[in-house]
Amino acid sequence: MVSLAALRFGGIFTGRGGPIARTDLAEFPVQHRPHWLANAFLREELVPGSAGASLYGPADGTAIARSAITASRTAIAEALARWAYLAVYDSPVAGRFGFLDDGSSNGMAAFPGLFRHQAQALARAEAIKHHTLVSWWDGRLPAEPVASPYAGVEALRLHHDAGPGEVVVLFRRTRAGYAYGHAYGPRLGAALDQAAIALARAEHVLAAYRAKGGLAAPANFLERRMLHFAGEEGAERFCRRLLAKPSRPALPFRTLFDGEIPGPWARWATVWRCCARMPTDEYLEPGADFFFW
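Here the residue index of a chain counts from 1 through its sequence in written order. Selection of residues for local features in this predicted model requires a pLDDT of at least 70, selection of side-chain atom pairs for listing and counting requires 80 or more, and totals for whole chains, interfaces and linings are taken over all residues. Only heavy atoms go into the side-chain values, all of them from the structure, while hydrogens and water stay out.

Caption draft 1: Main features of the side chain of Thr270. You can see Thr270 is positioned in strand β10 (residues 270–276). Beyond its immediate stretch of four places on either side in the chain, Thr270 contacts Arg8, Ala109, Ala110, Phe111, Arg116, Ala119 and Glu260. Strands here are runs of E lasting at least two residues and helices are runs of H or I lasting at least four, both read from the DSSP assignment and numbered beginning at the N terminus. In what follows, residue pairs with any heavy atoms lying within 4.5 Å of each other are defined as contacts.

Written out as structure tokens, the structure is:
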């Protein structure tokens, strides 16, 4: 994908009237390979009712990449998508964009490209990833272990019929608990690489949580789930699901909305949502120990 961030992100910071208050950057190794972790923060008035600090931190956009520039620009794009979500999901026009069917930010992406279809491709990839993961945990799709390129890490390939591309889950036990990372990629190797990044971030969050003596409170039910599956009981449930075969019919990937979300963020990036019909709503129930966060 050709990014025009160098041009389109001009004026993105608050000092020039833009929505981004600040960014930060730090080295962040992934499987012993150098990467960069970037965080982007929206202006306070753009995130009303924010829960503040959480296990994953208060950033509105976070990205990890081999290049510091790529990580920073991707984090800013993610923050723009969050701005769009917060502005629209509970508004009178929420139904136009599928938020009455799925009130989460599933299937959203922002990209500062020349063509709208670039953001669309990213949003569809996110939608396929989430639809596949929910379908698998709901007992509707098969999965198989695959060779992991990373020492001490187990890999699982989730089968789906949503089109080309692979969805995988990586997992391993760490000193701080069980950590997981799932991702979509156009090919198996790419999916595994992206899942390794998600796994590394989960390990970092768990380690920070344990270092504080487990005193930090989860900001929401999604973070509570992460902690549940990091423990022995949650890991046991995950392992039982690994061994189980599908027990329900697979539901095809069908979109309810697939289009751009217009708004002031369009000055800097195209924000797109691909909202798919999920096989169950249980993943949105706060009290459910569903493998989704």
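The rest of the description comes next.
Caption draft 2: Local environment of the pairing of β10. Think of it in three bands: with a 1.4 Å probe and only protein chains considered, a residue is buried below 20% of the maximum accessible area for its type, exposed above 50%, and partly exposed in between. Taking burial as the measure, the seven residues of β10 include seven buried ones, the bulk of the element. Both faces of β10 are covered, namely the face carrying Thr270, Trp272, Cys274 and Ala276 and the face carrying Val271, Arg273 and Cys275. Criterion used throughout: strands pair if DSSP finds at least two bridges between them. In terms of strand pairing, strand β4 (residues 108–111) meets β10 through four bridges, oriented antiparallel. Its bridge partner being in β10, Ala110 is matched across the sheet by Val271. Judged from the five bridges that link them, strand β9 (residues 255–260) and β10 form a sheet pairing that is antiparallel. Following the sheet pairing, Glu260 is matched in β10 by Trp272.

Caption draft 3: Region of the structure containing helix α3 (residues 116–137). End to end, α3 covers 32 Å across 22 residues, agreeing with the expected 32 Å (1.5 Å per residue, within 8%). Just downstream of α3, Gly139 is the residue with a positive phi angle, here 80°. In a helix, the anticipated span is given by 1.5 Å times the number of residues less one.

Caption draft 4: Region of interest: the sheet that holds strand β7 (residues 166–174). The four strands are arranged β5-β6-β7-β8 in an open sheet whose pairing can be described as antiparallel. Across the chains shown, the open sheet's two edge strands, defined by having one partner strand only, are β5 (143–146) and β8 (177–185). On average, adjacent strands in this sheet sit at an angle of 25° to one another, irrespective of strand direction. Inspection of the sheet shows β5 paired to strand β6 (residues 154–158) by four bridges, in the antiparallel sense. When the bridges of β6 are listed, Val146 appears paired with Ala155. Together, β6, β7 and β8 form the strand contacts of helix α4 (residues 188–211), whose direction differs from that of β8 by roughly 150°. Axis angles are defined between N-to-C directions and span 0 to 180 degrees, where every axis is a line fitted to C-alpha atoms and, for a helix, only to the segment in contact.

Caption draft 5: Expanded view of the sheet that holds strand β2 (residues 36–42). Reading across the sheet, the three strands line up as β1-β2-β3 and stay open at both edges, with antiparallel pairing between neighbours. Single-partner strands in this sheet number two, and they are β1 (20–27) and β3 (61–65). The average undirected angle you get between the axes of adjacent strands in this sheet is 15°. The sheet contact formed by β1 and β2 spans seven bridges and is antiparallel. By the bridge assignment for β2, Arg22 is matched with Phe41.

Caption draft 6: Local environment of the nonpolar core. Take the buried residues of types Ala, Val, Leu, Ile, Met, Phe, Trp, Tyr and Cys, join any two whose side-chain atoms come within 4.5 Å, and each joined set is a nonpolar core. Residues Phe9, Leu80, Phe99 and Ile261 are the most contacted members of the largest nonpolar core, which totals 34 residues. With eleven residues, helix α2 (residues 68–88) is the largest single contributor of residues to this core. Non-local contacts of Phe9, meaning those with residues more than four positions away in its chain, are made with Leu4, Arg73, Ile76, Ala77, Leu80, Pro112 and Trp268.

Interpretation in functional terms is not warranted from these geometric data alone.
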